[in-house]
Amino acid sequence: METKPMTLKFIEVERLDGVAIVYLNRPPVNAQSAALREELIGVFDSFNDDEEIRCVVLTAHGDIFSAGADISERPAIKQRGPGAYWSHNRLVREAALSIADCSKPVIAAVNGPALGAGFGLMAACDIWIASDNAYVAMPEINVGLAGGTALLQRIFGKSRARRMFYTGMKVTADELYRLGLIEASLPRQELLPYALNLAKEIAAKAPLSLQYAKQAAQVTLNMPQREGYRYEQNITVALSRTEDAAEAQQAFLEKRTPQYKGR
């Protein structure tokens, strides 16, 4: 049964040489509405079944990557009655998880401020790059809410994470780079070319190896080292039996570019 392509209003997708570029596109600040989140989930889920896509770049149109949740939707959520907030929170989680669990590596090209849930989308990506005008913050405390400490304490040390959580403090791209948390802090015009070059480098690797590498990175994230290493060794054994592994090794010996078949 043929499926119809998604109709997108707040997301744009561009395809280029095995790379998908996903743009948040909800002016003026790419605030995350329920509709935008549903589109994100649909788009990233579709990449799991798209053999032509090997790597994804997540970025945004405009000068702000994402200002976070669309606060204007809050009154409407409350009016929907019992269970509404729980359903809303599930959608928020699933939007980020659709990126984190995507079977293809995802690069965040953060073109401006990433606040609250916008920082959450960035953090869900595998590799982080930012323009030098960007900054991150969890400003929920400033609108009478509290969220993000689980995320902050996985990225920053205890003191910095809790200072950000209690105050809404901003951390610039240059500071993130100084701390070794992002790959580069670049002038805005250099951001996407840098991200695309990296994405194309990743996309040129063996498809099955990439898929298993992403899986291993996700699964072992919270594993004890011993169990994580065993899990990775099992993956290596499975990959060693693939045609692509044999081709990669033969190409290395023959000093030529490998021709992968995804099997």
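Small disclaimer: the values here were computed from a predicted structure and weren't measured. (Residues numbered from 1 in each chain as written. Predicted model: local features only at pLDDT ≥ 70, side-chain atom pairs only at ≥ 80, totals over all residues. Heavy atoms only, no water.)

Asker: Which parts of the structure should I look at to understand the sheet that holds strand S6 (residues 127-131)?
Answerer: Two modes of strand pairing occur in sheets, parallel and antiparallel, and in both the strands are linked by backbone hydrogen bonds. Read from one edge to the other, the open sheet built from 6 strands follows the order S1-S2-S3-S4-S6-S9, with strand pairing classed as mixed. Two strands bound the open sheet, and with one partner strand each, they are strand S1 (11-16) and strand S9 (185-186). As paired strands, S1 and strand S2 (residues 19-24) are joined by 6 bridges and run antiparallel to one another. Paired with Glu-14 across the strands is Ile-21, a residue of S2. (Pairing = 2+ DSSP bridges. Helix = DSSP H or I, 4+ residues; strand = E, 2+ residues; numbered from the N terminus.)

Asker: How do you make sense of helix H6 (residues 158-167) when you look at a structure like this?
Answerer: Along an α-helix, residues three or four positions apart point the same way, because every turn accommodates 3.6 residues. Where H6 is concerned, the buried positions are Ala-161, Met-164 and Phe-165. One side of H6 holds all its buried residues, which, seen down the axis, span an arc of 100°. Every exposed residue of H6 that faces more than 90 degrees away from the buried side is listed here: Ser-159, Arg-163 and Tyr-166. At its buried positions, H6 is contacted by helix H4 (117-124), strand S7 (135-137), helix H5 (149-155) and strand S8 (171-172). In the stretch just after H6, Gly-168 is the one whose phi turns positive, near 80°. (Buried < 20%, exposed > 50% of the residue type's maximum accessible area, 1.4 Å probe, protein only. Arc of directions from axis to C-beta. Contact = heavy atoms within 4.5 Å.)

Asker: Got a minute to help me understand the pairing of strand S3 (residues 55-60) in this structure?
Answerer: The two faces of a sheet get side chains in turn, since along a regular strand they alternate between them. Most of S3 is tucked away: 6 of the 6 residues are buried. Judged by which residues are buried, S3 turns out to be covered on both faces: Cys-55, Val-57 and Thr-59 on one side and Val-56, Leu-58 and Ala-60 on the other are all buried. Relative to S3, S2 runs parallel, the two being bridged by 6 bridges. The partner of Val-19 across the bridge, within S3, is Cys-55.

Asker: I'm lost on the packing of aromatic side chains in this one. Help?
Answerer: Within this structure, the stated rule accounts for 2 aromatic pairs. For the pair Phe-44 and Phe-47, a centre-to-centre distance of 5.5 Å together with 80° between the ring planes defines the contact as edge-to-face. Highlighted residues: Phe-44 and Phe-47, both in helix H1 (residues 34-47), separated by 3 residues, approximately one helical turn. With respect to class, Phe-44 is no different from Phe-47; both count as buried. Between the aromatic rings of Phe-165 and Tyr-166, the centroid separation amounts to 6.0 Å while the plane-to-plane angle is 45°, which identifies the pairing as tilted. Under the relative-accessibility criterion, Tyr-166 is labelled exposed at 53%. In this arrangement the basic side chain of Arg-26 is found over the ring face of Phe-10, its NZ or CZ atom lying 5.4 Å from the centre. (Phe/Tyr/Trp six-rings, centres within 6.5 Å; stacked < 30°, edge-to-face > 60°. Lys NZ or Arg CZ within 6 Å of the ring centre and 35° of its normal.)

Geometric descriptors of this kind do not, in isolation, establish any biological role.
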